[in-house]
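These are the residues of each chain, in order.
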Amino acid sequence: MLSSNTDYLLSIEDLTVSFDGFKAVDNVTMYVDTDELRVVIGPNGAGKTTLLDLICGKTAASSGSIKFNQKELRGLAEHKIVALGVGRKFQTPSIYENLTVYENLEVSYPAAHKVLPALFFKTTAEVDNEIRRIAVEIYLDEYLDMEASLLSHGQKQWLEIGMLLIQDPELLMLDEPVAGMSVKEREQTGDLLKRICKGRSVIVIEHDMDFVEKIASKVTVLHQGSVLAEGNMAEIQKNEKVIEVYLGH
Ligand code: ADP
Ligand code: MG
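We now turn to the structure provided with this report. (Residues numbered from 1 in each chain as written. Chains lettered and ligands numbered in written order. Predicted model: local features only at pLDDT ≥ 70, side-chain atom pairs only at ≥ 80, totals over all residues. Heavy atoms only, no water.)

**Description of unusual backbone geometry**
Part 1 of the reasoning: A positive phi angle, close to 60°, is found at N27, a residue other than glycine.
Part 2 of the reasoning: On the secondary structure map, N27 appears in strand β2 (residues 22-32). (Helix = DSSP H or I, 4+ residues; strand = E, 2+ residues; numbered from the N terminus.)

See below:
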């Protein structure tokens, strides 16, 4: 048996989920460090999205463990996992289309809902600073007053990343963030991801191999719910098993 590896921010061990006997995630062990940008790749149906669902508590695991900051996440409700510092972006952006960029970031600021009226004006400046700082990070500082519905698809993806960043999660998980983005937007997103993993862990699910090559430090390849290979991009690209099931397609 493996002993728990507590040096990592996220330690996933022997994680399995079975849907009526079908193991969508099958005995996955994976460790992610602070300051790390981990890319998870794999063919359609490999279990990538399900893995994120398990970590954020959307789906309950059948067995195994998910330790975050040495705390077991398995069995916790989704909002508790969010409160512990886990943020997750789904494939389709969920932003408030009829609010401005500024307002979208404002409603996502965690303390904004809890501020006492008497303290409100004092903290407004802090919130405002934070909104503007995040807006620069996500390339939307010139769009703060624009209604979100008018943004490009890529800008909407960035806005949603910003809405997560403003909550300052220690673990940020993004499911195919560059899908549908222009070449330029992909490049900018690569730079963004490399920046935002400082001081936290970021897990990115990705399909586009050129993009993975640009951003990846370490890659985990999933296939039929299991880890097929793990390593840097050069190692992954020459791995026979990976070539066979994934890159060769
Ligand atoms: P990926 O994101 O790698 O494309 P998914 O994690 O979405 O793959 O799906 C992995 C497999 O698990 C697929 O075969 C999918 O049909 C199945 N699956 C995912 N969620 C459920 C569920 N709630 N019930 C039954 N099967 C599911
Ligand atoms: Mg998926």
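**Details of the site of ligand 1**
Part 1 of the reasoning: Around ligand 1 sit F19, F22, A24, P43, N44, G45, A46, G47, K48, T49 and T50, and those are all the residues in its vicinity.
Part 2 of the reasoning: Between ligand 1 and the protein, one listed contact pairs an oxygen atom with a backbone N or O atom of A46 at 3.1 Å.
Part 3 of the reasoning: Expressed as a share of its isolated accessible area of 560 Å², the protein-covered part of ligand 1 is 58%.
Part 4 of the reasoning: Among the elements of the structure, β2 and α1 (48-55) are those that each provide at least two residues to the shell around ligand 1.
Part 5 of the reasoning: Counting residues per element, the shell around ligand 1 draws most heavily on α1, which supplies three residues. (Near = heavy atom within 4 Å. Polar contact = N/O pair within 3.5 Å; in protein donor to acceptor, adjacent residues only side chain to side chain. Areas by Shrake-Rupley, 256 points an atom, 1.4 Å probe, with all protein chains shown as cover.)

**Thoughts on the sheet that holds strand β6 (residues 86-89)**
Part 1 of the reasoning: In space, the six strands of this open sheet follow the order β6-β7-β8-β3-β9-β10, with mixed pairing throughout. A strand with exactly one partner marks an edge of an open sheet, and here the two such strands are β6 and β10 (226-231). Recorded for the sheet is a direction-independent mean angle of 20° between the axes of neighbouring strands.
Part 2 of the reasoning: By the bridge criterion, four bridges tie strand β3 (residues 37-41) to strand β9 (residues 218-223) in an arrangement that is parallel. Residue pairing for β9: V40 is matched across the bridge by T220.
Part 3 of the reasoning: The strands touched by α1 are β3, β6, β7 (171-175), β8 (201-205) and β9; relative to β7, the strand with the most contacts, the crossing angle is about 150°. (Pairing = 2+ DSSP bridges. Axes fitted to C-alpha atoms, helices over the stretch in contact; angles between N-to-C directions. Contact = heavy atoms within 4.5 Å.)

**Overview of the layout of surface pockets**
Part 1 of the reasoning: Estimates place the volume of the largest pocket at around 550 Å³.
Part 2 of the reasoning: In this structure, the largest pocket is lined by 22 residues; those nearest its centre are V82, V86, G87, L164 and Q167.
Part 3 of the reasoning: Within the residue set of the lining of the largest pocket, elements represented by two or more residues are α2 (78-83), β6, α3 (101-108) and α5 (153-165).
Part 4 of the reasoning: Of the residues forming the lining of the largest pocket, the biggest block, four residues, is contributed by α2.
Part 5 of the reasoning: Taken together, V183, R186, E187, G190, D191, K194, D208, D210, F211, K214 and I215 make up the full set of residues lining the second largest pocket.
Part 6 of the reasoning: Sorting the residues of the lining of the second largest pocket by element identifies α6 (183-196) and α7 (209-215) as the ones contributing at least two each.
Part 7 of the reasoning: The element best represented in the lining of the second largest pocket is α6, accounting for six residues. (1 Å grid on protein atoms, 1.4 Å probe; cavity = no way out; pocket = protein on both sides within 12 Å on 5 of 7 lines; lining within 4 Å. Points joined across faces, edges and corners; volume = space filled by probe spheres on them.)

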